[in-house]
Amino acid sequence: MHKKNNHAGFIPRFDKAFLHPRYWGIWFGVGLLVLLSYLPIKWRDDLMAFIGFLVGKCAKGARRRARINLIYCMSNLTEVQREKIIDEMFCNLTQPIMLILDLCLRGPQFLASRVHWHDRFILDEIEKKKTNIILLLPHAWSIDIPGMLLTSEGKPITAIFHQQRNPLFDYLWNSARMRFGAYMHARKDTIKPFIQAIQQGFWGYYAPDEDYGPEKSIFVDFFDTYKATLPTLGRLMKICNAVVIPIFPVYNYRTHRMDIFIRPPINKFLASEDAEMARHINKELEIFLIRYPSQYIWSLKLLKTRRKGEREPYLREDI
């Protein structure tokens, strides 16, 4: 559950109903994860990768969506290459859970030696100019980690979140995200509070790659296909007078290292044309995903919205 506060966005609130027996399975799982988080990092990462691999073999629907997305987006890959990416994607699924537990239970210093920011000077120089900032992040498995690390440094982060169907899971997940003071807004409550927070100096945390349907999106190229893409980022840049900085987190469970890559700011002049900005956003995503495809959540319904007369990929029976 959440409590609304006009000055602090949504604040997760514990409900006595979470102690009901129907939630005991979740509490047991959380307790088990906490215990596993204290294993030596090498053992833990190998174990979580194996668990994720098994999940990937059982999650037929998610695996099929990932396969379809890769067939459409990276048509040059062989079936063997696609399946390898998908296996690795699921191996990466479970790693951020442990990283979030590390941050919440042991603090950012515990991760400090294993986190490497690339081109951090880009972010630092823009911060010195006291310019409003929007951080552009694709839906990588580790999407929450850079935000938690930045808030632990005292940076003011604001983000929009989807509420989970399970209220206890929603409470736990968003409590972790807000561990160091992030300013959160539920997507169902419109984007206005998010905009106001950025205008007040908070750093916006923005993921542009979900499919929100034809009414809100425009069709632009994405890898070897096209995608319904929100054209709102250019408008946000104007309204918030903000600089947009692409960021991508990569966790390598073999080396036990988190790399956070920062790219140069998006040219503000692109904001004049919705289609041009939307295509540029997709290009930024492509740069990251070509290099680190298994870090991305390919199981999302990225390509659900198609042009008139074209069948939705996930309804096809020949794939």
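To start, this report covers the structure provided alongside it. (Residues numbered from 1 in each chain as written. Predicted model: local features only at pLDDT ≥ 70, side-chain atom pairs only at ≥ 80, totals over all residues. Heavy atoms only, no water.)

Applying the stated criterion across every chain, the model contains 18 salt bridges. Residues E83 and R67 are paired through a salt bridge, measuring 2.7 Å at the closest nitrogen-oxygen approach. Of this pair, E83 sits in helix α4 (residues 79-93) while R67 is found in helix α3 (residues 60-73), placing the two residues 16 residues apart along the sequence. Relative accessible area serves as the criterion here: at 18%, E83 is assigned to the buried category. Judged by relative accessible area, which is 26%, R67 ranks as partly exposed. We note a salt bridge from R177 to D144, for which the minimum N-O separation is 3.2 Å. One end of the pair, R177, is in helix α9 (residues 167-177); the other, D144, is in helix α8 (residues 144-152), and 33 residues separate them in sequence. D144 matches R177 in its accessibility class, with the two residues each being buried. (Salt bridge = Lys/Arg side-chain N within 4 Å of Asp/Glu carboxyl O. Helix = DSSP H or I, 4+ residues; strand = E, 2+ residues; numbered from the N terminus. Buried < 20%, exposed > 50% of the residue type's maximum accessible area, 1.4 Å probe, protein only.)

Bringing the packing of aromatic side chains into the picture now. Across all of its chains, the model carries 12 aromatic pairs by this definition. Between F14 and Y171, the aromatic rings sit 5.8 Å apart at their centres with planes inclined by 70°, giving edge-to-face as the arrangement. Linking F14 in the loop between β2 (9-12) and α1 (24-37) with Y171 in helix α9, this pair joins segments that are 157 residues apart in sequence. Measuring from centroid to centroid gives 5.7 Å for F18 and Y23, while their planes differ by 90°, and the two rings are edge-to-face. A residue is classified by how much of its surface remains accessible, and F18, at 2% relative accessible area, is buried. Three or more aromatic residues link up through ring pairs in this structure, and these residues are F14, F18, Y23 and Y171. Above the plane of the ring of W117 lies R120, whose end atom (NZ or CZ) is 4.7 Å from the centre. (Phe/Tyr/Trp six-rings, centres within 6.5 Å; stacked < 30°, edge-to-face > 60°. Lys NZ or Arg CZ within 6 Å of the ring centre and 35° of its normal.)

L123, L135 and I245 are the most contacted members of the largest nonpolar core, which totals 38 residues. For L135, the contacting residues outside a window of four places in its chain are L123, L150, I157, W203, G204, Y205, Y206, I245 and I247. (Core = buried A, V, L, I, M, F, W, Y, C linked by side-chain atoms within 4.5 Å. Contact = heavy atoms within 4.5 Å.)

This part takes up the pairing of strand β10 (residues 242-252). In terms of residue burial, β10 counts as a mostly covered element, since 10 of its 11 residues are buried. Looking at chain direction, β10 and strand β11 (residues 257-262) are connected through six bridges and run antiparallel. Note that in β11 the partner of N252 across the bridge is R257. Connecting β10 to the antiparallel partner β11 that follows it, the hairpin turn spans four residues, and H256 within it adopts a positive phi of roughly 65°. (Pairing = 2+ DSSP bridges.)

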